[in-house]
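# An overview of the molecular structure
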Amino acid sequence: MELKSRKDMNPEFQWDVSHIFADDAAWESAFDEVTKVLPSLEALSGTLSTSAENLKSALDTLFAESLKMEVVYIYAMLCKAADGGDSEAQTMMSKASSLYSKFSSAVSFFTPEILSMEESRLEEFLTTGLLDEYRHYIDDLSRNRKHTLDAEREKMLAMLTDTTSSFSNAYDALTDVDMILPKVHDENGNEQQLTSGNFSVFRECPVRSVREEAFEGMFGHYKKFINTITEMYSGSVKNDCFLSSVRGYESAAHAAMFEDNAPLSVYTSLIDAVHSYLPSMKKYLNLRAKTMKLENIDLFDLYTPMVAEVDYPMPYEDAKDLVKKALLPLGEEYQQLLDKAYSEKWIDVYENKGKQSGAFSCGVYGVHPYIKLNYTDTLDDAFTLAHELGHAMHSYFSNRKQTYANSDYRIMVAEVASTCNEVLLTKYLLSVEKDPMRRAYILNHFLEGFRTTVFRQTLFAEFEYNVHQMYEEGTPLTPDSLSETYEDLLKLYYDGAAVPEVMRYEWSYIPHFYRAFYVYKYATGFSSAVAIANNILETGDASKYLEFLSLGGSDYPVEELRVAGINLDDPETVKSALKVFDETIDELADLLK
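Below is a short write-up of the structure. (Residues numbered from 1 in each chain as written. Predicted model: local features only at pLDDT ≥ 70, side-chain atom pairs only at ≥ 80, totals over all residues. Heavy atoms only, no water.)

## With respect to the overall build of the protein
Under the convention used in this document: For the purposes of this entry, the term helix denotes a DSSP run of H or I that reaches at least four residues, the term strand denotes a run of E that reaches at least two, and both are numbered from the N terminus. Radius of gyration: over C-alpha atoms. The globule rule applied is 2.2 Å multiplied by the number of residues raised to the 0.38 power. Between buried and exposed lies partly exposed: a residue is buried under 20% and exposed over 50% of the maximum accessible area for its type, with that area taken using a 1.4 Å probe on protein chains only. Should any heavy atoms of two residues lie within 4.5 Å, those residues are counted as being in contact. Each accessible area value is a Shrake-Rupley result obtained with a 1.4 Å probe; residue values ignore everything except the protein chains displayed when judging cover. When charges are counted, Lys and Arg are positive and Asp and Glu negative, with His and the chain ends excluded. Each charge is placed at NZ for Lys, CZ for Arg, CG for Asp and CD for Glu.
The secondary structure content of the protein amounts to 26 helices and five strands. The globule rule puts the C-alpha radius of gyration for 593 residues at 25 Å, and the 25 Å found for the protein is close to it. Seen along its three principal axes, the alpha-carbon backbone of the protein occupies a region of about 75 × 60 × 50 Å. Looking at the protein residue by residue over its 593 residues, the buried ones come to 53%. Counted over contacts in the protein with a minimum sequence separation of 6, partners at least 24 positions apart contribute 76%. Entry remark: accessible area of the protein is about 26,000 Å², with carbon and sulfur atoms responsible for 50%. Where the 55 positive side-chain charges of the protein centre and where its 95 negative ones centre are 2 Å apart.

## Quick look at the packing of helix α14 (residues 264–276) against helix α26 (residues 571–592)
Put simply, the rule is: The angle between two axes is taken between their N-to-C directions and runs from 0 to 180 degrees, where each axis is a line fitted to C-alpha atoms and a helix contributes only its stretch in contact. What makes a crossing left-handed is the near helix being turned counterclockwise from the far one by less than a right angle; a clockwise turn instead makes it right-handed. Under the scheme applied here, ten amino acids are nonpolar (Ala, Val, Leu, Ile, Met, Phe, Trp, Tyr, Cys and Pro), four are charged (Asp, Glu, Lys and Arg), and all others, including Gly, are polar.
α26 packs onto α14 with a crossing angle of 40 degrees between their chain directions and a minimal axis gap of 8 Å. Crossing of α14 over α26 shows right-handed handedness. Between α14 and α26, the residues in contact are S269, L270, A273, V274 and S276 and P571, V574, K575 and L578, respectively. For the contact of α14 with α26, the residue count by class is six nonpolar, two polar and one charged.

## A short note on the packing of helix α16 (residues 316–326) against helix α17 (residues 332–343)
Quick note on the threshold: Roughly parallel means an angle under 35 degrees; roughly antiparallel, over 145; roughly perpendicular, 65 to 115; everything else is oblique.
Contact pair α16 / α17: the axes reach a minimum separation of 10 Å and the direction vectors enclose 160 degrees. Regarding the angle of α16 to α17, the classification is roughly antiparallel. At the point where α16 passes α17, the crossing takes the right-handed sense. Here Y316, K320, V323 and K324 of α16 come into contact with α17, specifically with Q335, L338, D339 and Y342. Among the residues forming the contact of α16 with α17, the class breakdown is four nonpolar, one polar and three charged.

Take a look at the structure:
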């Protein structure tokens, strides 16, 4: 069925961006205001260190104008996301992106100028109390002082940015543009062009020969370019290590963790905790093999559903009601906010021609969050609704409690609220669902969340850690050393499953590796969410969790999570979540008997 144009869709199921700007003319006016203020922002250069009053005034101006810039950008982005074919939206997005770049350039002096101040003088400014609103912002800048070089060397490093980004840019160009994957056969024997987009469809196919051909086609093709990709990735690793060394960090891993002011123990505790539950992964693989009637299971068999998809229709109105019931443990105010999200048109529900694929949530400070869905009446869509509402409520609580300067939470905690909602929805469904096949489907959905988000992302994280350590210790990064390192981890994490030779090249297919030491945050976020949800259900008290949602960016992620009862320094935190994984395997096994 052909998609409708946006103008032909029911506006009741579309978000209302007039809450941000009444119309495009109002947006143009705001755009002009931001454009006109750029010279006065640049004129603040050289004034920050003259007095506490001047620094406060400059920061007041910076964040006030940053908010205006952000709102201009978000409005254009939402319009384009809703209909990428709308020429007016395209023009607005282009103009907003250009202005954002100019704005960033105009205020780029703030950080170096604040850091150029003597520590004692900055501390003197802080003791006046005038800068209390900006204390966390200033403290966050100041702790970088010992890793900040003199102006000349900082300028040299800044000039290298375009050069060092070439590693990931070249990888993207190779894999997204130049690389043409082979053709494979579908379950009906028809030849199909393999693409990055449809690979997930083939790897889930119930016909094993289709899965095998898809994996061999994908990673066998990457193997053909393994020397080139090795040079790209090793260049990225070398750059990480160079920058961490020249800035005086103990290692590249320490440098990455410093960004969130988190100790390296958070990273290593995650790996240790997951290692302790690898026997549970083996138990899950054995259950998967038994359920799929396989004598031997290998890595080609991990993505196809072990429980046949069941008929579980979920119209949008039913999903709204289901999510509300599932999130009752979060309290009456949370329920009222869900009603506001539904009734006040925060959500863009259905797909239309030109609408961006997927789903997202976007907070708008001073207005409310917006959620984009492409709803198709399935249970998975209900999980997506719960997930995005988690993000939205995190933004809502943070924006309401914090000043704009302290409102933006970091990526390390960004997936906690969304995943917590998914866990609560899973638990609710299991509490009311009696049909055994539906229950099995829900349990398998939950287990796959653990496998792909905790175990798989931790495997990636350990690979990154090992590879950077190899280079720092003088081990050459070659196609063989990288592939052997990855293959060893596959055999460790998936003990009991055969590892086909072609899977040792899977590392070359993961684009996240070009942003080092990032993927572990998915695993810690998921583990934290499971622990929080379980605690809420056991105690009936969500108050600490709601307090956590209100913290925004006013503190560092590890400290914010402590408020919700989560200590990421302690391996027991992740272990408590993985205990749920182990118990869920047993529950599914009993059900499938």
